Amino acid sequence: MEKLVDRNQLIGIVLLMCMWAGYMYFMPQTPPEQPAKVAPKTEAKAIATPNVLQDTTALKAAFGDFASAAVGTAQDIIIENQDAKFTFSTLGGSIKEAVLKNYSTYSDFQKGAKNPLVLLDAKSSNMSLEVQTNKGKIDLKKLYFSSDSKPTVLKEGDSTKVTFRLNLGQNQYIDQVYTVKGKGYTIDYDINFVGVDALVQNQPVRFYWQDNLKVLEHDIEENRKSAQINFWNAKEDEFDDLGANASGNADLAAEDPIKWYSFKQKYFVSGFVAKNQPLTGAKLKLVTPENDQNIVKTVEVDANLAISDLKTGKGNFRFYFGPNDYDLVKVVADGFHRNVYLGYDFVKPINRFVFVPLFKLAESFISNYGLLIIVVVLVLKTLLTPLIYKSYISSAKMRILAPELAEIKEKVGDDQVKMQQEQMKLYQQVGVNPLSGCVPMLLQMPILMSVFFLFPNMIMFRQKNFLWASDLSTYDYPISWATNLPVVGNHISLFVVLMTISSLAFTYYNNQITPDQPGPIDMKKMSYVFPIVFFFVLNSFPAALSFYYLVSNVVTIAQQQIVRRFVDEDKIRKILDENKIKFKANPQAAKKGKFAQFMENQVKLAEENRKLQNEEKKKKK
């Protein structure tokens, strides 16, 4: 079907060209240029572009040595590879359109239309390349370049160059050269100023790019939170951004040079990279058109290119128009992979070196993305089985000690310090660390947080269906209504409902095997609050994430049931009794752990503070 669509587009282009040819045949023609007929030549250019100045003297006054390129007729050159179709124009020697052949907008996806995704076009994007000449500033993107390049369809392994030249005199010209490969979304871009020292002043060249970001995904508000400008600080060699997780306006004047910048949406990104000297004086701006639901944000970057690079053959740059896929963007430029947000620094390595490769590996042989998530959960839970086993053993020990802990509480009453002292004595006697069960669970927290940040940025789930969810990269909404309600919004995600039920079931099961903990707060009751809170938090998150948590909860409950069958609590009770007998026989020989020593010191410190407070109260009386 995709090939058919592409053929129809080519037919449309051919028909448009035929209509244009017919129009040119029946309407007054532009006479051919002849050296002896200067006046007709000027008149012909005026017909082709009626909005430009018709007087040659005025053109010379406005454009100086660039006047000959101020009028002309724009021609398009289309280069197509396996993944994208790029349209270039002789007007400005510019990229006019970038189309991603293997993707479509959410709107087209819901309609069943197979239209390719237009990431950039002449209506939404505007570029300027401004040089300082003897007559003032001139925007090269408004001049007409010449080109001998032809439309080309590339195969994998092929590449082609599209060259635009602005002739300014003998051995004086400006070249813009675009290199497109047979596969991928990068375009290498070279700017060469040859023999123009007398025409172009030795000042930085201003490169300005403005883009009205199109609505590509579901829920424009979520789109706007994800739309931002990212850039790489060349001086500090670090990543930075503007407008992350915000839907309002923002602007920034970068103090340091930047190596690259990008207009990042949720799953797609457009970027510009300087291969040699970085961009200077960059000004970044984000504007959210609140009343226009067809534009996510208007983004713009105004920066300077080093004129010395352009004059010495080092004006080498790169464009990227494509999916925000980690494996694709990581090779565009140093740090460009940071366009894919992988979470806070302490979870980023887990996502980068564990989850991303694991999901990519699973994707290579599993086409059902719901099944893919189940397989990944099973693999991870299998690897985490030793931690779950250790946590269950610790929980079993605490259950066995529960009656003795209850006796201590009844004996000491409300004296918290005394109760802690007695508890520590008991733990020391039986050789139990009360936190040994918490540590394995805490080690699993970074994994839970990793997927929380990863799934909203994984393009692999985009427009992949599973069960009732048509698109796993956004929330499922079998239940929805027109009005936005506080907290919950205008829908209820069924996957989130099931995840919440599984979390409550896991909490209930876990509370049954966990002894009551002394303290002013009933933690067992509090544990039921968190799943409810997460229901409202995750209701607008991708269905893939809530399904992952659902599967994880079910597998964890099953794991604990299996582990329980292999744990002999009578044997554990016997070991604890033996430890207590050994301790009574020789208390000095008992090995005191670091945690026990720490808690003992804390209890002593608390006891001393309490005595001091009591003494101060007596003095006041």
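Residues numbered from 1 in each chain as written. Predicted model: local features only at pLDDT ≥ 70, side-chain atom pairs only at ≥ 80, totals over all residues. Heavy atoms only, no water.

Visitor: Got a minute to help me understand the pairing of strand S12 (residues 228-233) in this structure?
Guide: Two faces, one strand: in a regular strand the side chains alternate between the faces of the sheet. Most of S12 is tucked away, with 6 of its 6 residues classed as buried. Because side chains alternate across S12, one face comprises the buried residues Gln-228, Asn-230 and Trp-232, and the other comprises Ile-229, Phe-231 and Asn-233, equally buried. When S12 meets strand S15 (residues 258-264), the two strands line up antiparallel, connected through 6 bridges. Within S15, the position partnered with Asn-233 by the bridge is Ile-258. Bridging between S12 and strand S13 (residues 238-242) involves 5 bridges; their strand directions are antiparallel. Its bridge partner lying in S13, Asn-230 is registered against Asp-241. The turn joining S12 and S13, which pair antiparallel and follow one another in sequence, is formed by 4 residues; a positive phi near 55° is taken by Asp-237. (Buried < 20%, exposed > 50% of the residue type's maximum accessible area, 1.4 Å probe, protein only. Helix = DSSP H or I, 4+ residues; strand = E, 2+ residues; numbered from the N terminus. Pairing = 2+ DSSP bridges.)

Visitor: What is the right way to look at the sheet that holds strand S3 (residues 94-100) in this model?
Guide: Paired through their backbone hydrogen bonds, the strands of a sheet run either parallel or antiparallel. The 5 strands lie next to each other as S4-S3-S2-S1-S7, forming an open sheet whose pairing is mixed. Only two strands of the sheet have a single neighbouring strand rather than two, namely strand S4 (117-120) and strand S7 (152-153). Here 6 bridges tie strand S2 (residues 84-89) to S3, and the two strands are oriented antiparallel to one another. Its bridge partner lying in S3, Phe-86 is registered against Ala-98.

Visitor: What should I look at first to understand the packing of helix H13 (residues 494-512) against helix H16 (residues 543-565) in this one?
Guide: If you want to describe how two helices pack, look at the angle between their axes and the distance between the axes. Closest axis-to-axis distance for the H13/H16 pair is 8 Å, and the angle between their directions is 25°. Taken together, the axis directions place H13 and H16 in an arrangement best described as roughly parallel. Classified by chirality, the crossing of H16 by H13 is left-handed. Counting all contacts with H13, which are made through Phe-495, Val-496, Leu-498, Met-499, Ser-502, Ser-503, Ala-505, Phe-506, Tyr-509 and Asn-510, the residues of H16 involved are Ala-543, Ser-546, Phe-547, Tyr-549, Leu-550, Asn-553, Thr-556, Ile-557, Gln-560, Gln-561 and Arg-564. A per-class count over the contact of H13 with H16 returns 12 nonpolar, 8 polar and 1 charged. (Axes fitted to C-alpha atoms, helices over the stretch in contact; angles between N-to-C directions. Parallel < 35°, antiparallel > 145°, perpendicular 65-115°, else oblique. Left-handed = near helix turned anticlockwise from the far one by under 90°. Contact = heavy atoms within 4.5 Å. Nonpolar A, V, L, I, M, F, W, Y, C, P; charged D, E, K, R; others polar.)

Visitor: Where do I start with the environment of Gln-561 in this structure?
Guide: The residue Gln-561 is located in helix H16 in this model. In this structure Gln-561 comes out as partly exposed when scored by relative accessible area, which is 33%. C-alpha of Gln-561 to C-alpha of Tyr-509: the two residues are 52 residues apart in sequence and 9.9 Å apart in space.

Visitor: Explanation requested: helix H17 (residues 569-585) in the structure shown.
Guide: Residues that lie three or four places apart on an α-helix share one face, since the helix turns once every 3.6 residues. With 17 residues, H17 ought to run about 24 Å at 1.5 Å a step, and its terminal C-alpha atoms sit 25 Å apart, in line with that. The set of residues buried in H17 consists of Ile-572, Leu-576, Lys-580 and Phe-583. The buried residues of H17 occupy one face: seen down the axis, they fall within an arc of 80°. Opposite the packed face of H17, turned more than 90 degrees from it, sit the exposed residues Asp-570, Lys-571, Lys-574, Ile-581, Lys-582 and Ala-585. Where the residues of H17 are buried, they touch helix H10 (385-412) and helix H11 (416-430). (Expected span 1.5 Å × (residues − 1). Arc of directions from axis to C-beta.)

Visitor: Sorry, what's going on with the environment of Phe-541 here?
Guide: Turning to its location among the elements, Phe-541 is positioned in the loop between helix H15 (529-538) and H16. Distance in space between the C-alpha atoms of Phe-541 and Val-496 is 8.9 Å, their sequence separation being 45 residues. Apart from residues lying up to four places away in sequence, Phe-541 is in contact with Phe-452, Pro-456, Thr-474 and Tyr-475.

Visitor: I'm lost on the sheet that holds strand S8 (residues 159-169) in this one. Help?
Guide: One open sheet holds the 8 strands; their spatial order is S8-S9-S10-S19-S16-S15-S12-S13, and the pairing between them is antiparallel. Strands at the two margins of the open sheet, each flanked by one partner only, are S8 and S13. Direction aside, the axes of adjacent strands within the sheet are offset by 15° on average.

Visitor: Please explain the side chain of Ser-149 as it appears in this structure.
Guide: For Ser-149, the position within the fold is in the loop between strand S6 (136-139) and S7. Residue Ser-149 is classed as buried on the basis of its relative accessible area of 16%. Among the polar contacts listed, one links the side chain of Ser-149 to the backbone nitrogen of Thr-163, at a separation of 3.1 Å. (Polar contact = N/O pair within 3.5 Å; in protein donor to acceptor, adjacent residues only side chain to side chain.)

Visitor: Would you take a moment to explain the pattern of salt bridges for this structure?
Guide: Note that side chains of opposite charge can pair when their charged atoms are close. Throughout the structure, instances matching the rule amount to 16 salt bridges. A salt bridge links Arg-206 to Glu-130, with the shortest nitrogen-to-oxygen separation between them at 3.5 Å. Residue Arg-206 is found in strand S11 (residues 205-214), and its partner Glu-130 is found in strand S5 (residues 125-133); the two are separated by 76 residues along the sequence. Exposure remark for Glu-130: the relative accessible area of 18% places this residue in the buried category. The partner of Asp-345 in a salt bridge is Lys-348, and the shortest N-O contact between them spans 3.1 Å. Since its relative accessible area comes to 16%, Lys-348 is described here as buried. It is possible to trace a salt-bridge network through shared partners that takes in Glu-130, Arg-206 and Asp-302. (Salt bridge = Lys/Arg side-chain N within 4 Å of Asp/Glu carboxyl O.)

Visitor: Help me out: how do you make sense of the nonpolar core in this one?
Guide: A general feature of soluble globular proteins is that nonpolar side chains tend to end up buried together. Counting 122 residues, the largest nonpolar core has Phe-193, Phe-319 and Phe-461 as its most contacted members. Per-element tally for this core: the top contributor is H16, with 9 residues. Setting aside its immediate chain neighbours within four residues, Phe-319 contacts Ile-95, Met-127, Tyr-178, Tyr-185, Thr-186, Ile-187, Tyr-189, Phe-207, Trp-209, Gly-271 and Phe-272. Listed in part, the 20 residues of the second largest apolar core include Met-398, Leu-401, Ile-408 and Met-419. (Core = buried A, V, L, I, M, F, W, Y, C linked by side-chain atoms within 4.5 Å.)

Visitor: Please explain the packing of aromatic side chains as it appears in this structure.
Guide: Aromatic ring pairs are reported here in terms of the distance separating the ring centres and the angle at which the planes meet. The final tally for this structure, using the stated rule, is 41 aromatic pairs. If you follow Arg-165 out to its NZ or CZ, it ends over the ring of Tyr-173, 3.7 Å from the centre. (Phe/Tyr/Trp six-rings, centres within 6.5 Å; stacked < 30°, edge-to-face > 60°. Lys NZ or Arg CZ within 6 Å of the ring centre and 35° of its normal.)

Visitor: I keep staring at H13 and nothing clicks. Help me out?
Guide: Here H13 spans 27 Å end to end across 19 residues, near enough to the 27 Å set by a 1.5 Å rise per residue. All of the buried residues in H13 are Phe-495, Val-496, Met-499, Thr-500, Ser-502, Ser-503, Phe-506, Thr-507, Tyr-509 and Asn-511.

Visitor: Would you take a moment to explain a negative patch on the surface for this structure?
Guide: Residues Glu-236, Asp-237, Glu-238, Asp-240 and Asp-334 make up a contiguous surface patch of negative charge. By secondary structure assignment, the location of Asp-240 is in strand S13. The class of Asp-240 is partly exposed, set by a relative accessible area of 35%. (Patch = residues over 30% accessible without salt bridge, like charges linked within 9 Å, V, L, I, M, F, W, Y side chains within 5 Å. Areas by Shrake-Rupley, 256 points an atom, 1.4 Å probe, with all protein chains shown as cover. Lys, Arg positive; Asp, Glu negative; His and termini not counted. Charge placed at Lys NZ, Arg CZ, Asp CG, Glu CD.)

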